[in-house]
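# Fold and geometry: a report
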Amino acid sequence: VQLQASGGGLVQAGGSLRLSCTASGRTFNVGWFRQARGMEREFVAAIEWSSGRTFYTDSVKGRFTISRDGAKNLVYLQMNMLKPQDAAVYSCATANILTGSSQAYDYWGQGTQVTVSS
């Protein structure tokens with residue numbers, strides 16, 4: 001299984017970005033995580049591949065939307081109303097269950113940097 005995140009960049013507070021996660025090989029559930037400098041990795045959102053069921057951390061509910069395109073093996077993270085505290089390296093990963101625990105994710109892609117200016 002190979003994963004690659006893309007779509008990061010610099011955006012002003014209140015702006016939007018859409019991240020993409022390209023998945024090849026076997027996929028089950030895909031989660032997005034982020035890690036700010038000097039901070040621990042944090043769960044952001046996850047989607048169950050078969051059903052489309054989603055799961056978010058509280059701090060992004062109502063602002064971020066995770067979705068998938070099965071035909072293209074892509075998972076998106078639409079991020080709206082971005083805040084400076086959303087700045088981090090965002091990575092995608094796969095797991096056999098729909099969960100926010102990073103320990104359950106066994107394949108990880110290289111991250112993409114999101115910078116939010118105030």
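Structural notes, computed from the coordinates. (Residues numbered from 1 in each chain as written. Predicted model: local features only at pLDDT ≥ 70, side-chain atom pairs only at ≥ 80, totals over all residues. Heavy atoms only, no water.)

## Points about the overall build of the chain
Secondary structure assignment for the chain yields 0 helices and 11 strands. In the chain, the order of α-helices and β-strands from amino to carboxyl end is β-β-β-β-β-β-β-β-β-β-β. Taking 118 residues into account, the globule formula puts the C-alpha radius of gyration at 13 Å, and the chain, at 13 Å, falls close to it. Taking all 118 residues of the chain together, 42% fall into the buried category. Taking the intrachain contacts of the chain between residues at least 6 apart in sequence as the baseline, contacts between residues at least 24 apart amount to 54%. With the model as given, the accessible surface of the chain reaches about 6,200 Å², and the carbon-plus-sulfur share is 45%. Averaging the positions of the 11 positive and the 7 negative side-chain charges in the chain gives two centres separated by 5 Å. (Helix = DSSP H or I, 4+ residues; strand = E, 2+ residues; numbered from the N terminus. Rg over C-alpha atoms; globule rule 2.2 N^0.38 Å. Buried < 20%, exposed > 50% of the residue type's maximum accessible area, 1.4 Å probe, protein only. Contact = heavy atoms within 4.5 Å. Areas by Shrake-Rupley, 256 points an atom, 1.4 Å probe, with all protein chains shown as cover. Lys, Arg positive; Asp, Glu negative; His and termini not counted. Charge placed at Lys NZ, Arg CZ, Asp CG, Glu CD.)

## Observations regarding the state of the cysteines
Scanning all chains against the criterion turns up 1 disulfide. Disulfide pairing is shown between C21 and C92; the S-S distance is 2.1 Å. Disulfide C21-C92: the torsion about the S-S bond is 80°, which places it as right-handed. Of this pair, C21 sits in strand β3 (residues 17–24) while C92 sits in strand β9 (residues 88–95), and the two are 71 residues apart along the sequence. Taken individually, C21 and C92 each receive the classification buried, so the pair is uniform in this respect. (Disulfide = S-S within 2.5 Å.)

## Details of the pairing of strand β8 (residues 74–79)
Most of β8 is tucked away, with 5 of its 6 residues classed as buried. In this structure, β3 lies alongside β8, joined through 6 bridges in antiparallel fashion. When the sheet's bridge partners are listed, S20 is paired in β8 with Y76. Where strand β7 (residues 64–69) lies against β8, 6 bridges are found, and the strand directions are antiparallel. Within β8, the position partnered with F64 by the bridge is M79. Counting the residues in the hairpin turn of β7 and β8 gives 4 residues, including N73, whose phi is positive at 55°. (Pairing = 2+ DSSP bridges.)

## A word on the pattern of salt bridges
If you walk through the whole model with that rule in mind, you get 5 salt bridges. In this structure, R53 and E48 form a salt bridge, with 3.5 Å as the shortest nitrogen-oxygen distance. Across the pair K61 and D58 runs a salt bridge whose closest N-O atoms are separated by 3.0 Å. Look at the salt bridges and you will find they share partners, linking R34, E42, R63 and D86 into a network. (Salt bridge = Lys/Arg side-chain N within 4 Å of Asp/Glu carboxyl O.)

## A few points about the side chain of T57
Tracing the chain through its elements places T57 in the loop between β6 (54–56) and β7. Discounting chain neighbours no more than four positions away, the residues touching T57 are F43 and V44.

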